[in-house]
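# Secondary and tertiary structure notes
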Amino acid sequence: MRRLLAARRDAVAHVAARRVRRQRVSPRRALSATLADKRAQLHKELAVLPEVLQRAALEAQLRDPALLPRRRGTLVSLGDRETALAVDAGLATFLLHVEARIAAYCGEGFYTIGPGGEEALGAAGLALAPTDGSALHYRHLATQLARQLAVGEESLESVILARARGYCVSASDPVTGGAHCALGGGPHDYIVTSTLASQAPAAVGRALAPSFLRGAARRAAGDAIQYVSLGDGSVNNAHFLAAANLAEYAAHRGVGCGVVFAVSDNDRCISLRGHGWLREFVTRRLGGAAAFFADGTDAHEVYAATSKAAAPARSRAAPAVVVFENLPRRFGHAATDRQGAYLSAEEIAAAAARDPLAELCADALDRGVLSRETLLGRCLLYTSPSP
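If you trace the backbone, Arg71 turns up in the loop between α4 (50-63) and α5 (80-105). A residue is classified by how much of its surface remains accessible, and Arg71, at 18% relative accessible area, is buried. Here the side chain of Arg71 touches Leu75 through a polar contact of 2.6 Å, landing on its backbone oxygen. In this structure, Arg71 is in contact with Val76, Asp298, His300, Glu359 and Asp363, ignoring residues within four places of it in sequence.

Laid out in structure tokens, this is it:
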């Protein structure tokens, strides 16, 4: 036993010594202690990060709106207030990700999975009632931010600060207190820490609960529905399959289950291609739930489709599915993702060039909802002065 303990101490000491040696030779460890100093010293490296380059491109487009891409669709489902909220949620989503990527490169941030390409999904949050429950996929930050901003109890600054604390896994993060980086925090949200679909069964359980309540408890539940979102790769996960099956079985038995499954489809499950399977899957396998499809890059289509999916869930307590298609993944899955190992340079460039957020800004400008000065000001207000 003494020999085992001694061997264990030696192993621990060896690992500690290796860490010290790595710290001594790491150039980032030698940087000044503050993030501002690190940003200044790493300015050249930060300036060529894909996210930083795309932020600069968006700023240039907002300075000259003629450069902004225009949406192809003609549907207008968002009012002026909803459009402004969707823009705020989209800009905050994108700019927070850029700042999180910078902080991680400087050794001050610890979460780099980004929602690049899904900024228009904030419109889905605007189609929900404030009392609806939500359990969101980790890339669907825009949906969370839009819901918080729509309620109006928090300023955009406080919402952004709270999320920044999450990216840094700070003890001051109001959602997890530093235990994880997760979406949620509202009175009707539930925290999702899984990267797959473990949130789906919980959402179905919540949706079923009112059917078993009586009297005042049933009346208090009202007509709230449960909204649970996931990525296209996660529909193959057993958690989702079990949850969808239970929701459809409940509907078959006449038991109310007002749940909306929202699936974002960028045809990528990290490095695995989707091969167009999601629409086939929904059509073939989820026949017991009403299905709706929308262009996920168009906030108006997202809002309209989510509203349609929420209708049967709210009025008849019936399950529904909404799929947000055509989404680009503009950057790697996370900072550690080496896209060049499984995507061509042309594919990477094409995805980065598609910007739903820029199209949303152009829509707000063309409809007279927000001015060029307002859009540019909001972009710059939540952007650090230098990379």
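Having seen the structure, we can now continue with the description.
Let us look at unusual backbone geometry. Leaving glycine aside, a negative phi is the common case for residues, and trans is the common case for peptide bonds. Located in the positive-phi region is His275, a residue other than glycine, with phi close to 55°. Tracing the backbone through its elements, the reader meets His275 in the loop between β5 (272-273) and α12 (277-285). Relative accessible area serves as the criterion here: at 69%, His275 is assigned to the exposed category.

Before going further, it helps to spend a moment on the sheet that holds strand β3 (residues 259-264). Strand pairs in the sheet, formed through backbone hydrogen bonds, run parallel or antiparallel to each other. On the basis of which strands lie adjacent, the open sheet formed by five strands has the order β1-β2-β3-β7-β6 and parallel pairing. Strands with a single pairing partner mark the edges of an open sheet, and in this sheet they are β1 (133-135) and β6 (290-295). On average, each strand axis in the sheet is inclined to that of its neighbour by 20°, with strand direction left out of account. Bridging between β3 and strand β7 (residues 320-325) involves five bridges; their strand directions are parallel. When the bridges of β7 are listed, Phe261 appears paired with Val321. Packing against the sheet, helix α11 (residues 238-252) makes contact with β2 (226-231) and β3, and its axis sits at approximately 145° to β3. Across the sheet, α12 lies against β3, β6 and β7, angled at about 165° from β7, the strand it touches most.

Our focus in this paragraph is the environment of Arg367. For Arg367, the location among the structural elements is in the loop between α15 (356-366) and α16 (372-381). A relative accessible area of 27% means that Arg367 is categorised as partly exposed. For Arg367, the residues in contact, after removing those within four places along its chain, are Val76, Leu78, Gly79, Asp80, Thr83 and His300. Within the structure, the side chain of Arg367 is placed 3.0 Å from the backbone oxygen of Leu78, a separation counted as a polar contact. A polar atom in the side chain of Arg367 sits 2.9 Å from the side chain of Thr83.

Summed over the entire model, instances satisfying the criterion amount to five aromatic pairs. Here the aromatic rings of Tyr111 and Tyr167 are separated by 6.2 Å at their centres, their planes lie at 35°, and the arrangement is tilted. Placement of the pair is Tyr111 in the loop between α5 and α6 (122-126) and Tyr167 in helix α8 (residues 156-167), with a sequence separation of 56 residues. Measuring from centroid to centroid gives 6.3 Å for Phe240 and Phe281, while their planes differ by 45°, and the two rings are tilted. Pair noted here: Phe240 is in helix α11 and Phe281 is in helix α12, with a separation of 41 residues, a long-range link. Phe240 sits in the buried class, given a relative accessible area of 1%. In textbook terms, an aromatic cluster arises when at least three aromatic residues are bridged by ring pairs, as seen for Phe240, Phe261, Trp277 and Phe281. For Arg163, the ring lying beneath its charged end belongs to Tyr167, and the centroid distance is 4.5 Å. Taking NZ or CZ as reference, Arg279 lies 3.9 Å from the ring centre of Phe293, over its face.

Here we take up helix α9 (residues 199-208). If you check which residues of α9 are buried, you get Gln199, Ala200, Ala203, Val204, Ala207 and Leu208. On its buried side, α9 packs onto β1, β2, α11 and β3.

For β2, the tally of buried residues reaches six of six residues, placing the bulk of the element in the interior. Burial along β2 is two-sided: Gln226, Val228 and Leu230 facing one way and Tyr227, Ser229 and Gly231 facing the other are all buried. For β1 and β2, the ladder comprises three bridges, and the chain directions are parallel. For Ala135, the partnering residue across the bridge sits in β2 and is Val228. Here six bridges tie β2 to β3, and the two strands are oriented parallel to one another. Residue pairing for β3: Ser229 is matched across the bridge by Ala262. Remark: the β2/α11/β3 crossover connection has right-handed handedness.

Our next topic: the side chain of Glu359. Take Glu359: it is sitting in helix α15. An unpaired buried charge is present at Glu359: no salt bridge exists, and Arg72, the closest side chain of opposite charge, is 4.8 Å distant. Ignoring anything within four residues of it in the chain, the contact list for Glu359 reads Pro69, Arg70, Arg71 and Thr297.

It is the contact of helix α7 (residues 141-151) with α8, at a shortest axis distance of 10 Å, that shows an interaxial angle of 145°. Crossing angle aside, the handedness with which α7 passes α8 is right-handed. In this structure, α7 contributes Leu141, Leu145, Gln148 and Leu149 to the contact, and α8 contributes Leu156, Val159, Arg163 and Tyr167. Split by residue class, the contact of α7 with α8 holds six nonpolar, one polar and one charged.

The rules behind the values
Residues numbered from 1 in each chain as written. Predicted model: local features only at pLDDT ≥ 70, side-chain atom pairs only at ≥ 80, totals over all residues. Heavy atoms only, no water. Helix = DSSP H or I, 4+ residues; strand = E, 2+ residues; numbered from the N terminus. Buried < 20%, exposed > 50% of the residue type's maximum accessible area, 1.4 Å probe, protein only. Polar contact = N/O pair within 3.5 Å; in protein donor to acceptor, adjacent residues only side chain to side chain. Contact = heavy atoms within 4.5 Å. Pairing = 2+ DSSP bridges. Axes fitted to C-alpha atoms, helices over the stretch in contact; angles between N-to-C directions. Phe/Tyr/Trp six-rings, centres within 6.5 Å; stacked < 30°, edge-to-face > 60°. Lys NZ or Arg CZ within 6 Å of the ring centre and 35° of its normal. Right-handed = clockwise from strand over helix to strand, strands pointing away. Lys, Arg positive; Asp, Glu negative; His and termini not counted. Salt bridge = Lys/Arg side-chain N within 4 Å of Asp/Glu carboxyl O. Left-handed = near helix turned anticlockwise from the far one by under 90°. Nonpolar A, V, L, I, M, F, W, Y, C, P; charged D, E, K, R; others polar.

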